[in-house]
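Each chain, letter by letter, is given below.
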Amino acid sequence: MIKISLESIYKRYFMKKTMTQFLSELDEIEINQGICDQTTSKNNITNLTKLYICNYDDLIELPNSFWLLKELKLLTISCCYDLEEIPKDIRNLTKLEEIDFFGIESLKLSPEVFKLPNLKKLFMSINLSQMPNLIWNLPKLEHLKLNGCHNFDTSILSKLITNLSNLKIIELLYLEDIDDELLQTLTLLPNLEVLRIDDCYELPKSLYDNKNLKIFHEEVECENSYYDKDMCIIDGDNEYSDD
């Protein structure tokens, strides 16, 4: 596995190989500041399985070439404050297993995000400009994390979460409000093993009665929950990872 910054790619390009030769050997790339389209265009990285886009202040939209990465299994976009949209083209990435969107000012998500057939982990810590109101078709989803997602209507989740029968881990943190119906619906998930939630919500007794469920209460000031741009730190906590 090769993990390398865009700057390092250019260094190697000038020192040893052509860009095409070098990129064709990568399966993992981290992009900070730079020209994204030059990195992903011309089918140079057909073997890429992991893509990290971090701290890219000027990134407003993702280049079309991103959606040609058919082998991609992990997509992380963090602290790209100006990114506006995840378009419907994400449906081309049918092998995606993990998505992590973190630290984006106002993001519009295409409904296609919630139809990826092999998605196992969905982490969102963003301000949502629009939340698709639809049935999520994520048959393999095992880990859902919503952290500080303003404008996320949890009543939507309460209506569809029973379709996510393979869910093992749910993290509901720093949300503006968690619908009571959602808390009740959590009791219907047969494979739920871990629930991580703000400590200001009263959970149904049946959740505590579930001997197979571990509940972690996070101490927060619920009335003052907010998304803080200055706290944009990539979360490397794998405490609940099932890898």
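Our structure's up above, just so we're on the same page.
Residues numbered from 1 in each chain as written. Predicted model: local features only at pLDDT ≥ 70, side-chain atom pairs only at ≥ 80, totals over all residues. Heavy atoms only, no water.

> Mind showing me how you'd approach the overall build of the chain here?
Looking only at helices and strands, the chain features six helices and twelve strands. The proportion of buried residues among the 243 residues of the chain is 49%. At a minimum sequence separation of 6, the contacts of the chain that also span at least 24 residues come to 44%. For the chain, the computed accessible surface area is about 12,500 Å², with 44% contributed by carbon and sulfur atoms. (Helix = DSSP H or I, 4+ residues; strand = E, 2+ residues; numbered from the N terminus. Buried < 20%, exposed > 50% of the residue type's maximum accessible area, 1.4 Å probe, protein only. Contact = heavy atoms within 4.5 Å. Areas by Shrake-Rupley, 256 points an atom, 1.4 Å probe, with all protein chains shown as cover.)

> Teacher, can you tell me more about the pairing of strand E5 (residues 98-102) here?
Residues in a regular strand project their side chains so that they alternate between the two faces of the sheet. Burial analysis of E5 places five of its five residues in the buried class, which makes it a mostly covered element. Residues Glu 98, Asp 100 and Phe 102 point to one face of E5 and Ile 99 and Phe 101 to the other, with burial holding for every one of them. Sheet topology places strand E3 (residues 74-78) next to E5; five bridges connect them, and they run parallel. Pairing of Leu 74 across the sheet is with Glu 98, part of E5. Sheet topology places E5 next to strand E7 (residues 121-125); five bridges connect them, and they run parallel. Across the sheet, residue Glu 98 finds its bridge partner in E7, namely Lys 121. (Pairing = 2+ DSSP bridges.)

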